[in-house]
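Results of the structural survey
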Amino acid sequence: MALFLGIDGGGTGCRAAVTDQAGRVLGRGHGGPANIASDPDTARSNILAATNEAMIAALGPTDALREVPHLIAGLGLAGANAAGAAGRLRLALPFARARIETDAVAAAKGALAAADGIVAAMGTGSVYAVQHQGVIRCYGGWGLVLGDEGSGAWLGRAALSLALRAVDGFAPMTPFLQQLIEDHGGAAGVVSFAQTARAADFALLAPGIVQSDDPAAAELWAAAVSGVAAILSHLRDTVPAPVTFIGGLGPAYAAALPQLPQAAAKGTALDGALLLAREVG
């Protein structure tokens, strides 16, 4: 009997769920970061770890992946829009059949079901999806180096950059920025951190920025909100549909942009990944 696997993988972690043919969830699993462009080997390991946990929950403590030759998978993964990333991962996975899409596609399918709408996925990275008459088109999601405006990683990197400008006297030093510098062991420590930090490491700073009333943090957050508002205004000019905010920073952006028509998510990105698996099957 075929089973369906859904994987929702992002820069911070991944989730897995296994269902039977009736759609009943049999098991769930969790794993670490799963960006298949920036760190494909780690992503594959974490995807398999989450899958194995879900399969063990579904079937018991066996060699779960070997026990089900007809496991059909739908994967919504960060980095799947990088050239060749999805194809290389597909060859390295043990699933009978698999469909790999970006995390934005899975998020849109889960959040909107069949309805027209706009999804703003604001987490470690940022990406947008518009669904119109059953067709999904994605925008952004280019990664921290080239984009991800308004994301947790973008906010964290911007905060550290502003802190270094304040050290040089090019921006006012505030208590928030001073604390950032001290937490990293001085300006040299900030530079050292940035040499090896991944998007998820920068994103750890985002909650403190959003929640702070420090002038510098407020400036960073206002800039992020303004940028996201401009993107969504442009998308709504194309499809005048409500916006559904998802991801760790989704509620904060929803509260900051009350002027936009909004709709609650009908489901999660993991639900969307399971829909992808059913489309394969």
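This section reports on the structure supplied with the text. Within every chain, residues take consecutive numbers counted from 1 along the sequence as written. With pLDDT at 70 or above as the cut-off, local features in this predicted model cover only qualifying residues; side-chain atom pairs require 80 or more to be listed or tallied, and sums for whole chains, interfaces and linings still use all residues. Side-chain numbers here rest on the full set of heavy atoms in the structure, without hydrogens or water.

1. Concerning the sheet that holds strand β6 (residues 117-122)
The strands that make up a sheet are held in pairs by hydrogen bonds between backbone atoms, and each pair lies either parallel or antiparallel. Under the convention used in this document: A strand pair is defined by DSSP finding two or more bridges across the two strands. Under the DSSP-based scheme used, a helix requires at least four consecutive residues in state H or I and a strand at least two consecutive residues in state E, with every element numbered from the N terminus. Axis lines are fitted through C-alpha atoms, for helices just across the contact stretch, and the angle between N-to-C directions can take any value from 0 to 180 degrees. Only heavy atoms matter for contacts: two residues are in contact if any of them lie within 4.5 Å across the pair.
In spatial order, the strands read β8-β7-β6-β9; together these 4 strands make up an open sheet with mixed pairing. Of all the strands in the sheet, just β8 (135-140) and β9 (243-246) have a single pairing partner and so form its edges. Each strand axis lies, on average, 20° off the axis of its neighbour in the sheet, ignoring direction. Along the sheet face, helix α4 (residues 103-112) touches β6, β7 (126-132), β8 and β9 and points at about 50° away from the line of β7.

2. Things to note about the packing of aromatic side chains
Each aromatic ring pair is summarised here by two numbers: the centre-to-centre distance and the angle between the ring planes. Selection rule: A pair of Phe, Tyr and Trp rings is counted when the ring centres sit within 6.5 Å of each other, with Trp represented by its six-membered ring. The angle between the planes then sorts it: under 30 degrees is stacked, over 60 is edge-to-face, the rest tilted. Exposed residues in this analysis have more than 50% of their type's maximum accessible area, buried residues have under 20%, and partly exposed residues fall in between, with area computed by a 1.4 Å probe over protein chains only. Counting as a charge over the ring demands two things of the Lys NZ or Arg CZ atom: a distance within 6 Å of the ring centre and an angle within 35 degrees of the ring normal.
Scanning all chains against the criterion turns up 2 aromatic pairs. A centroid spacing of 5.5 Å and a plane angle of 80° characterise the contact between Phe193 and Phe202, whose relative ring orientation is edge-to-face. Looking at Phe193, the relative accessible area reads 23%, which means it is partly exposed. Plain terms: the ring middles of Trp221 and Tyr253 are 4.7 Å apart, the flat faces sit at 50° to each other, and that makes the pair tilted. With Trp221 in helix α10 (residues 215-238) and Tyr253 in helix α11 (residues 250-256), this residue pair connects regions lying 32 residues apart in the sequence. Take Trp221 and Tyr253: they sit in the same class, and that class is buried. Residue placement shows Arg278 over the ring face of Phe4; its charged tip is 4.3 Å from the ring centre.

3. Comments concerning the packing of α4 against helix α12 (residues 269-280)
The following threshold applies: An angle below 35 degrees is read as roughly parallel, one above 145 as roughly antiparallel, one from 65 to 115 as roughly perpendicular, and any other as oblique. Throughout this entry, Asp, Glu, Lys and Arg are counted as charged residues, while Ala, Val, Leu, Ile, Met, Phe, Trp, Tyr, Cys and Pro are counted as nonpolar. The remaining residues, Gly among them, count as polar.
α12 packs onto α4 with a crossing angle of 100° between their chain directions and a minimal axis gap of 6 Å. It follows from the interaxial angle that α4 and α12 lie roughly perpendicular. Here α4 contributes Val105, Ala106, Ala107, Lys109 and Gly110 to the contact with α12, which in turn contributes Ala269, Asp271, Gly272, Ala273, Leu275, Leu276 and Glu279. Across the contact of α4 with α12, the residue classes tally to 7 nonpolar, 2 polar and 3 charged.

4. Let's talk about unusual backbone geometry
Its identity as a non-glycine residue notwithstanding, Ala113 has a phi of 55°, on the positive side. Residue position: Ala113 is located in the loop between α4 and β6. Under the relative-accessibility criterion, Ala113 is labelled partly exposed at 42%. Positioned with a positive phi, Gln133 is a non-glycine residue whose angle comes to about 55°. For Gln133, the location among the structural elements is in the loop between β7 and β8. Classification of Gln133 by relative accessible area gives exposed; the value is 66%.

5. So, the side chain of Thr102
Within the secondary structure, Thr102 sits in strand β5 (residues 97-102). Apart from residues lying up to four places away in sequence, Thr102 is in contact with Gly76, Leu77, Ala80, Asn81 and Cys138.

6. Quick word on the side chain of Thr19
Take Thr19: it is sitting in strand β2 (residues 14-19). Apart from the residues lying within four places of it in its own chain, the contact partners of Thr19 are Leu3, Phe4, Arg24, Val25, Leu26, Leu274 and Arg278.

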